[in-house]
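If you want the building blocks of each chain, they are given just below.
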Amino acid sequence: MEKILFYGMIKEKMCFQHVLMNAIDLYEDKNEVKIIFEGASVTLVPVFEAEQNPLYLKAKNLGLIAGVCLACSKMLGVYDDVVKSELPLLSDMNAHAGMKSYIKEGYKVVSI
């Protein structure tokens, strides 16, 4: 079993959907998987919520989404929408979502 953290930074929907697909695939193969929305990717949360994106909802319902960057959500104007999504807001690294705790727990980080 592997521990994998997908640390998403991009806002391209198609690319992030591949993050979701890979996370789900690895989880279904008995790996421990987490996803963090950081940087510009935070703007995808309201998009995925509004369209009820099946991959996003599956990852969310499986508990794969660790959370969304607090600072970037505020800076990019999606804070209220992220709060409505009920995903955790992460701020452990100067109000941003850090990787350090996951690395210390043995996660391999995949950043896109």
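Before any of the text, the structure's been laid out above.
First, a word on scope: everything that follows refers to the structure included in this document. In this text the structure is predicted, and so the values were computed from the model without any measurement.

Rules of the game
Residues numbered from 1 in each chain as written. Predicted model: local features only at pLDDT ≥ 70, side-chain atom pairs only at ≥ 80, totals over all residues. Heavy atoms only, no water. Helix = DSSP H or I, 4+ residues; strand = E, 2+ residues; numbered from the N terminus. Buried < 20%, exposed > 50% of the residue type's maximum accessible area, 1.4 Å probe, protein only. Polar contact = N/O pair within 3.5 Å; in protein donor to acceptor, adjacent residues only side chain to side chain. Contact = heavy atoms within 4.5 Å. Axes fitted to C-alpha atoms, helices over the stretch in contact; angles between N-to-C directions. Parallel < 35°, antiparallel > 145°, perpendicular 65-115°, else oblique. Left-handed = near helix turned anticlockwise from the far one by under 90°. Nonpolar A, V, L, I, M, F, W, Y, C, P; charged D, E, K, R; others polar. Pairing = 2+ DSSP bridges. Core = buried A, V, L, I, M, F, W, Y, C linked by side-chain atoms within 4.5 Å.

### Points about the side chain of Ser-85
Phase 1 of the analysis: Note that Ser-85 resides in helix α5 (residues 79-85).
Phase 2 of the analysis: Judged by relative accessible area, which is 3%, Ser-85 ranks as buried.
Phase 3 of the analysis: A distance of 3.2 Å separates a polar atom in the side chain of Ser-85 from the backbone nitrogen of Leu-87.
Phase 4 of the analysis: Here Ser-85 is in contact with Val-45, Glu-49, Tyr-56 and Lys-60, once residues within four sequence places are set aside.

### Some thoughts on the environment of Cys-15
Phase 1 of the analysis: Note that Cys-15 resides in helix α1 (residues 13-28).
Phase 2 of the analysis: In this structure the C-alpha to C-alpha distance between Cys-15 and Val-33, which are 18 residues apart in sequence, comes to 18 Å.
Phase 3 of the analysis: If near-sequence neighbours (up to four positions away) are discounted, Cys-15 is found in contact with Ile-10 and Ile-112.

### A look at helix α2 (residues 44-51)
Phase 1 of the analysis: Those residues of α2 not exposed but buried are Leu-44, Val-45, Pro-46, Phe-48 and Glu-49.
Phase 2 of the analysis: Contacts from the buried residues of α2 go to α1, β2 (32-37), α3 (54-61), β3 (65-69) and α5.
Phase 3 of the analysis: A positive phi of about 50° marks Gln-52, the residue just after α2.

### Brief notes about the packing of α1 against α3
The relative placement of two packed helices comes down to the angle between their axes together with the axis-to-axis distance.
Phase 1 of the analysis: Two numbers describe how α1 lies on α3: the axes approach to 9 Å, and their chain directions differ by 40°. Classified by the angle between their axes, α1 and α3 sit oblique to one another. As α1 runs across α3, the sense of the crossing is left-handed. Between α1 and α3, the contacting residues are Gln-17, Leu-20, Met-21, Ile-24 and Glu-28 on the first element and Leu-55, Tyr-56, Lys-58 and Ala-59 on the second.
Phase 2 of the analysis: Of the residues assigned to the contact of α1 with α3, the class counts are six nonpolar, one polar and two charged.

### Points about the sheet that holds strand β1 (residues 3-8)
Phase 1 of the analysis: Strand order in this open sheet of five strands is β4-β3-β2-β1-β5, and the pairing throughout is parallel. Bordering the open sheet on either side are β4 (89-90) and β5 (108-111), each of which pairs with just one other strand.
Phase 2 of the analysis: Set on the sheet, α1 makes contact with β1 and β2; between it and β2 the angle comes to about 160°.

### Quick word on the nonpolar core
Phase 1 of the analysis: Core analysis: the largest hydrophobic core is formed by 34 residues, its most contacted members being Phe-16, Ile-35, Ile-36, Phe-37 and Tyr-56.
Phase 2 of the analysis: The set of elements that each furnish at least two residues to this core consists of β1, α1, β2, α2, α3, β3 and α4 (70-75).
Phase 3 of the analysis: It is α1 that provides the largest number of residues to this core, a total of five residues.
Phase 4 of the analysis: Ignoring anything within four residues of it in the chain, the contact list for Ile-36 reads Leu-5, Phe-6, Tyr-7, Gly-8, Ala-66, Gly-67, Leu-90, Ala-97, Gly-98 and Tyr-102.

Geometric values such as these leave the question of function open.
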